[in-house]
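Chain by chain, the residues run as shown.
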Amino acid sequence: MSDPIDAFRPRSDSKPPETTEEWMNELERLETMLEEMHEQGIEDRSELERRISEIEAALEAADDEPGE
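First, a word on scope: everything that follows refers to the structure included in this document.

Parameters and conventions
Residues numbered from 1 in each chain as written. Predicted model: local features only at pLDDT ≥ 70, side-chain atom pairs only at ≥ 80, totals over all residues. Heavy atoms only, no water. Helix = DSSP H or I, 4+ residues; strand = E, 2+ residues; numbered from the N terminus. Areas by Shrake-Rupley, 256 points an atom, 1.4 Å probe, with all protein chains shown as cover. Expected span 1.5 Å × (residues − 1). Buried < 20%, exposed > 50% of the residue type's maximum accessible area, 1.4 Å probe, protein only. Arc of directions from axis to C-beta.

Considerations on the overall build of the protein
Reasoning step 1: Counting secondary structure elements, the protein contains 2 helices and 0 strands.
Reasoning step 2: Surface accessibility of the protein: about 6400 Å² in total, with carbon and sulfur atoms responsible for 54%.

Next up, the structure:
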């Protein structure tokens, strides 16, 4: 059995940053993701997954509507 995918954790096969610049870029990327989550009112992963499911369902419903 494998672990579920965590969108906020680097892939296990990705190489960790080596230089200070790479670490700073990674930190900035993570801070940006956290800021975007906060702006959207998302507090944790389950909230993010719920919002994604809602949007996917709405898109599917829109695709199923006749005349589009």
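Let's talk about helix H1 (residues 20-39)
Reasoning step 1: The end-to-end C-alpha distance of H1, which contains 20 residues, comes to 28 Å, matching closely the 28 Å that a straight helix rising 1.5 Å per residue would cover.
Reasoning step 2: Among all positions in H1, only Glu26, Met33 and Met37 are buried. One side of H1 holds all its buried residues, which, seen down the axis, span an arc of 40 degrees. Counted as exposed and oriented over 90 degrees from the buried face of H1: Thr20, Glu21, Met24, Glu28, His38 and Glu39.

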